[in-house]
Amino acid sequence: MNSCSIAVLPGDGIGVEVMAAALEVLHRTGTRIGRGFDTVTHPAGAQHFADTGVALPEPTLAACRAADATLFGAMGLPHVRGADGTEVIPQLDIRFALDLYAGVRPVRTWPGLPVPLADPRGTRIDLVLVRENTEGLFFARGRGTVDADAAYDTMKISRAGTARVVDFAFRLARLRKSQGRPGHVTNVDKANVFRSMAFWREVFHQRAAVFPDIAHGDAYVDAMALNLVLKPWEYDVLVTENMFGDILSDLIASLVGGMGMAPSADIGDDHALFQPAHGSAPDIAGQGIANPTAMILSAAMMLDWLADRRGDAALADGARAIESAVQGAFESGAVRPREFGGASGTTDITRAVLERL
Ligand code: ATP
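Residues numbered from 1 in each chain as written. Predicted model: local features only at pLDDT ≥ 70, side-chain atom pairs only at ≥ 80, totals over all residues. Heavy atoms only, no water.

Q: An account of the overall build of the protein is needed here, citing residue identities and associated values.
A: Along the backbone of the protein there are 11 helices and 12 strands. The C-alpha atoms of the protein give 20 Å as radius of gyration, which agrees with the globular expectation for 357 residues (21 Å, within 12%). Counting only C-alpha atoms, the protein reaches 55 × 55 × 40 Å along its principal axes. With 357 residues in all, the protein has 54% of them scored as buried. Pairs at least 24 apart in sequence give 75% of the contacts found in the protein among residues at least 6 apart. For the protein, the exposed area adds up to about 14800 Å²; of that, 53% sits on carbon and sulfur atoms. Once the 33 positive and 42 negative side-chain charges of the protein are each reduced to a mean point, those two points are 5 Å apart. (Helix = DSSP H or I, 4+ residues; strand = E, 2+ residues; numbered from the N terminus. Rg over C-alpha atoms; globule rule 2.2 N^0.38 Å. Buried < 20%, exposed > 50% of the residue type's maximum accessible area, 1.4 Å probe, protein only. Contact = heavy atoms within 4.5 Å. Areas by Shrake-Rupley, 256 points an atom, 1.4 Å probe, with all protein chains shown as cover. Lys, Arg positive; Asp, Glu negative; His and termini not counted. Charge placed at Lys NZ, Arg CZ, Asp CG, Glu CD.)

Q: How would you sum up the packing of helix H1 (residues 14-33) against helix H10 (residues 313-331)? Please name residues and give values.
A: The interhelical angle for the contact between H1 and H10, taken along N-to-C directions, is 125°, at an axis separation of 10 Å. Between H1 and H10, the interaxial angle falls into the category oblique. With respect to the hand of their crossing, H1 and H10 are arranged in right-handed fashion. Counting all contacts with H1, which are made through Val25, Thr29, Arg32 and Ile33, the residues of H10 involved are Ala314, Leu315, Asp317, Gly318, Ala321 and Ile322. Looking at the contact of H1 with H10, its residues break down into 6 nonpolar, 2 polar and 2 charged. (Axes fitted to C-alpha atoms, helices over the stretch in contact; angles between N-to-C directions. Parallel < 35°, antiparallel > 145°, perpendicular 65-115°, else oblique. Left-handed = near helix turned anticlockwise from the far one by under 90°. Nonpolar A, V, L, I, M, F, W, Y, C, P; charged D, E, K, R; others polar.)

Q: I'd like a description of the sheet that holds strand E4 (residues 102-108), backed by residues and values.
A: Within the open sheet, the 10 strands sit side by side as E2-E1-E3-E12-E11-E4-E5-E10-E8-E9. Their pairing is mixed. The open sheet terminates on both sides in strands that have one partner only, identified here as strand E2 (36-41) and strand E9 (215-220). Ignoring strand direction, the axes of neighbouring strands in this sheet form an average angle of 25°. (Pairing = 2+ DSSP bridges.)

Q: Tell me about the pattern of salt bridges, and name the residues and values.
A: Considering all chains together, one arrives at 20 salt bridges under this definition. Close ionic contact of Asp312 with Arg35 constitutes a salt bridge, the shortest N to O distance being 2.7 Å. Here Arg35 lies in the loop between H1 and E2 and Asp312 lies in the loop between helix H9 (293-310) and H10, a separation of 277 residues in the sequence. Here the two residues Asp312 and Arg35 agree in accessibility, since each one is buried. Where Arg95 meets Asp266, a salt bridge forms, and the shortest distance between an N and an O atom there is 3.2 Å. (Salt bridge = Lys/Arg side-chain N within 4 Å of Asp/Glu carboxyl O.)

Q: Lay out the packing of aromatic side chains in plain terms, naming residues and giving numbers.
A: Considering all chains together, one arrives at 3 aromatic pairs under this definition. Centroid distance Phe170 to Phe204: 5.6 Å. Interplanar angle 35°. Geometry classified as tilted. Residue Phe170 is found in helix H5 (residues 159-178), and its partner Phe204 is found in helix H6 (residues 195-208); the two are separated by 34 residues along the sequence. Here the two residues Phe170 and Phe204 agree in accessibility, since each one is buried. Ring centres of Phe170 and Phe211 lie 5.0 Å apart, and the angle between their planes is 15°; on these two criteria the pair is classed as stacked. A residue pair is termed long-range when its members are at least 10 positions apart, and Phe170 in helix H5 and Phe211 in the loop between H6 and E9 qualify at 41 residues. Members of the aromatic cluster, each reached through a chain of ring pairs, are Phe170, Phe204 and Phe211. Over the aromatic face of Trp110 sits the side chain of Arg108, whose NZ or CZ is 3.6 Å from the ring centroid. Here the guanidinium or amino end of Arg131 rests over the ring plane of Phe138, the centre of that ring lying 4.9 Å away. (Phe/Tyr/Trp six-rings, centres within 6.5 Å; stacked < 30°, edge-to-face > 60°. Lys NZ or Arg CZ within 6 Å of the ring centre and 35° of its normal.)

Q: Please give an account of helix H7 (residues 221-230) that cites residues and values.
A: Taken together, the buried positions of H7 are Val221, Met224, Asn227 and Leu228. All buried residues of H7 project into a common sector of 110° when viewed along the axis, lining one side. Counted as exposed and oriented over 90 degrees from the buried face of H7: Leu226 and Leu230. On the buried face of H7, the contacting elements are strand E5 (126-132), strand E8 (184-189), E9, strand E10 (237-240) and helix H8 (242-255). (Arc of directions from axis to C-beta.)

None of the figures reported here should be taken as evidence of function without further support.
Right, dumping it as structure tokens:
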């Protein structure tokens, strides 16, 4: 049986709970498609930092580098801080270490679950935000300076860093177009104010010219925040700078009912990591009420990525099987997550998905 090696980093808080759910679903899917997943769990996270003084042990990072892919729960606890006062967030270190430059955040509405905003004409929300993950304002992390009167953080926008993530967004739009979606990329920036953002826009248009089959447009980030609330169903693929992407990815998760529904992937040329868009949610950790859907759908994204890398269509079949099982669970009304006013906990939702696999 073909086997994929998966580094598993459950992390902190509900990361541990939703990871257990996703692993059950992954292994059940493997049985169905005739593929094996060699999943090995590794320590990392804010609690690990509190216990040992190390957030991301070197062997854990090495395991992520060596594995075919990494599944990641959630990391960070508000009370665990580094010496400079910022939160311990090892996922950012992994992103930089493995050069996972494209943060991919798809959101879509699910039949059977209510949405906060609905198009009166019935068009469903189905969009992907591609966030530049390795520079932008996050380049300043660990590099900021502060004197008695002011603090400074620097935004970095490089030509190569922008071009590769813009290309990724166009290739994604092309793939989505082949699956019947619009095939349109919207560039989100603040080119009217910042030199760095005008440079980003210039590079975006240079790269757009290489993809003449894909339509594109520009938007300022403030207008995009407005439009994502007014008419989110009009967008297909969005691409933006790191900090803007950080903020907009939470906004789009809210459009489909909450963080528990939003999967994500951090993808580079050689490695990829799959994690829910949400954090460790200490407010609900340990109560068995976290919605595992985002983590389960992140595992499905991993199967799609592995299918593409290995040229193995069975893995893509596995991704579709997970998505239909999730859809079936919600559409049938068998379960409804608490974010949607229901009473289903982590185990209820996981069981409903497993039953449909
Ligand atoms: P981070 O900064 O690490 O992304 P955050 O501060 O944005 O984390 P989250 O941990 O994502 O915060 O939680 C935000 C809110 O969403 C919390 O109220 C949390 O309980 C809720 N939430 C997050 N994930 C889930 C989930 N899987 N199921 C249910 N509620 C969730």
